[in-house]
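Observations on chain architecture
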Amino acid sequence: MDFSSKPVLIFWETTRACSLSCIHCRASAITDPLPGELTQREAMSMIDQVTLFGKPYPTMIFTGGDPLRRKDLFELMLHAAELGINFAVSPAVTELLTFETLAKFKRLGASSISVSLDGAYEDTHDAIRRRRGTYQKTLQAIRDAVNLGLNIQVNTAIMQENLGELPELFHLIRKLGVKTWELFFLIKVGRGSSVEDLEPRQCESVCNFLYDASSYGMVIRTVEAPFIRRVMKQRSDPEACWNDPDYHRLQSELVRLEGDPHTTSTLRPRGTLDGDGIVFVAHDGTIHPGGLLPIPLGNVKVDSLARTYREHELLMNIRQRKMSGGCGVCEFKEMCGGSRARAFSYNADPLSSDQACIHASLMYD
Ligand code: SF4
């Protein structure tokens, strides 16, 4: 798990155009493309740059906005496929995401498709996505993708609005045949700035719940909550128990719906962080450590993506865990490292402590 020479994932924000206007959208996506989007030639050249990391190439994630709003999306995917680059796509669920579109992703060789589902119930999801009917369309897209044999991942942004529905949501997507669930812990960027995020106590409860949920065979990953690895390590002690009413509610509902857990946890003890295994290219080519950490590091139009990833001082500091505050003195920092995006959004310092981690405050206050 040494990510110093190349990332495993390169996220490319193909466009900021999207016809949804979700309440937490990182990109503050708007109806029409912004000026300065990479042209097709610039995008092809950025895809060519991915090969300079050497084989095995990092996986490219075509994200947005809504990647389907880029008219040349399929040509760009074909270009990546012809170069032998593994790619995945994260489309918005709109009228553009048809059965035929999903079938085309499959023909082009997409390794995975991810769609967002933010509530177990129609009212919750459609209120967050701010478009009636999106919930039903999302369920249909998941069924279509499963029927096509696509590897489908569901993404969920956790916030106060949907916290209590997590067990029902897990139950729903398991019944639909989803194999991977990725949970985004809100960062206050873009439209997400005005959404109420979870308190550290609630984050701890959700991580403990996810640890339990990962013992039913589904692959579970978190985004901007690397402290789940600390929770995992702490839970390896059978005596360890997080004693909180929110957690007990989530856990008992999980067991009511799913029965007792039947596998070992699928959580991994080491993962990626922004700038450590991950890099992000914005719609205009600006390179950032991650999609939720809007610090410009260069631009693929003039800078080498590989050199920027390998040699930028901030990314080297993140990989070497040169953090301050609670994260700086934490015994779990190698496996965790804290969310650099949250540290930046709260403290304007990407190397400061992660405000959502209860361990950081317990240790340092
Ligand atoms: S204090 Fe920081 S490094 Fe330690 S577990 Fe919490 S977020 Fe991770």
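Turning our eyes to something else, we now look at the overall build of the protein chain. Check the secondary structure of the protein chain and you find 14 helices and eleven strands. Here the protein chain has a C-alpha radius of gyration of 20 Å; the compact-globule value for 365 residues is 21 Å, and the two agree. C-alpha atoms of the protein chain, sized along the principal axes, occupy 55 × 45 × 35 Å. Across the 365 residues of the protein chain, 47% fall into the buried class. Contacts in the protein chain between residues far apart in sequence, at least 24 positions, make up 74% of those at least 6 positions apart.

With four of five residues buried, strand S1 (residues 9–13) is to be regarded as a mostly interior element. Pairing analysis gives five bridges linking S1 to strand S2 (residues 59–63), with the strands arranged parallel. Bridge pairing in S2 links Ile10 to Met60. Where S1 meets strand S9 (residues 277–281), four bridges bridge the pair, whose relative direction is parallel. Note that in S9 the partner of Leu9 across the bridge is Ile278.

Turning our eyes to something else, we now look at the pairing of strand S6 (residues 180–185). Examined bridge by bridge, strand S5 (residues 152–158) and S6 share six bridges and lie parallel to one another. Across the sheet, residue Gln153 finds its bridge partner in S6, namely Thr180. Note that the unit made of S5, helix H6 (residues 166–176) and S6 has a crossover that is right-handed. Of the strand pairs in this sheet, S6 and strand S7 (residues 219–223) are connected by five bridges, and their pairing is parallel.

Turning our eyes to something else, we now look at the environment of Met323. In this fold, Met323 is placed in the loop between helix H11 (313–319) and helix H12 (325–329). Separated by 26 residues in the primary sequence, Met323 and Asp349 have C-alpha atoms spaced 9.7 Å apart. Setting aside anything within four residues of it in sequence, one finds Met323 in contact with Gly328, Lys333, Gly338, Leu351 and Ser353.

Taken together, the buried positions of helix H1 (residues 40–50) are occupied by Ala43, Met46, Ile47 and Val50. Summarising the axial view, the buried residues of H1 lie within an arc of 100 degrees, below the 170-degree limit, and thus occupy one face. Taken together, the buried residues of H1 touch S1, S2, helix H2 (73–82) and S9.

Turning next to the nonpolar core. What tends to happen in soluble globular proteins is that the nonpolar side chains get buried as a cluster. Within the largest apolar cluster, 95 residues are counted, with the highest numbers of intra-cluster contacts made by Met60, Phe185, Cys207 and Leu210. At seven residues, helix H7 (residues 200–213) tops the list of elements feeding residues into this core. Other than its neighbours up to four places away in sequence, Phe185 contacts Ile158, Leu198, Cys203, Thr222, Val223, Glu224, Ala225 and Ala356.

Okay, the packing of H1 against H2 next. Where H1 meets H2, the closest approach of the two axes is 10 Å, and the angle between their N-to-C directions is 25 degrees. When the axis of H1 is compared with that of H2, the two are roughly parallel. Here H1 runs over H2; the crossing is right-handed. Packed against H1, whose contacting residues are Ala43, Met44 and Ile47, the element H2 presents Leu76, His79 and Ala80 at the interface. Per-class residue counts for the contact of H1 with H2 are five nonpolar, one polar and no charged.

Attention now moves to unusual backbone geometry. Across the junction of Lys55 and Pro56, the peptide omega takes the value -10 degrees, indicating a cis bond. Mapped onto the fold, Pro56 is located in the loop between H1 and S2. Residue Gly65 is reached from Gly64 by a cis peptide bond, and omega for that bond is 15 degrees. Structurally, the position occupied by Gly65 is in the loop between S2 and H2. A positive phi angle, near 65 degrees, is found at Glu224, a position not held by glycine. Note that Glu224 resides in the loop between S7 and helix H8 (228–235). Judged by the 24 C-beta atoms lying within 10 Å of it, Glu224 falls in the buried class. Notably, Ala348 is not glycine yet its phi reads approximately 60 degrees, a positive angle. Examined against the element boundaries, Ala348 turns out to sit in the loop between helix H13 (340–347) and helix H14 (358–364).

With that settled, the discussion passes to the environment of Glu75. For Glu75, the location among the structural elements is in helix H2. Along the primary structure Glu75 and Ile23 are separated by 52 residues, whereas in three dimensions their C-alpha atoms are 31 Å apart.

Cut-offs used in this document
- Residues numbered from 1 in each chain as written.
- Predicted model: local features only at pLDDT ≥ 70, side-chain atom pairs only at ≥ 80, totals over all residues.
- Helix = DSSP H or I, 4+ residues; strand = E, 2+ residues; numbered from the N terminus.
- Rg over C-alpha atoms; globule rule 2.2 N^0.38 Å.
- Buried ≥ 20, exposed ≤ 12 C-beta atoms within 10 Å, placed from the backbone.
- Contact = placed C-beta atoms within 7 Å.
- Pairing = 2+ DSSP bridges.
- Right-handed = clockwise from strand over helix to strand, strands pointing away.
- Arc of directions from axis to C-beta.
- Core = buried A, V, L, I, M, F, W, Y, C linked by C-beta atoms within 7 Å.
- Axes fitted to C-alpha atoms, helices over the stretch in contact; angles between N-to-C directions.
- Parallel < 35°, antiparallel > 145°, perpendicular 65-115°, else oblique.
- Left-handed = near helix turned anticlockwise from the far one by under 90°.
- Nonpolar A, V, L, I, M, F, W, Y, C, P; charged D, E, K, R; others polar.

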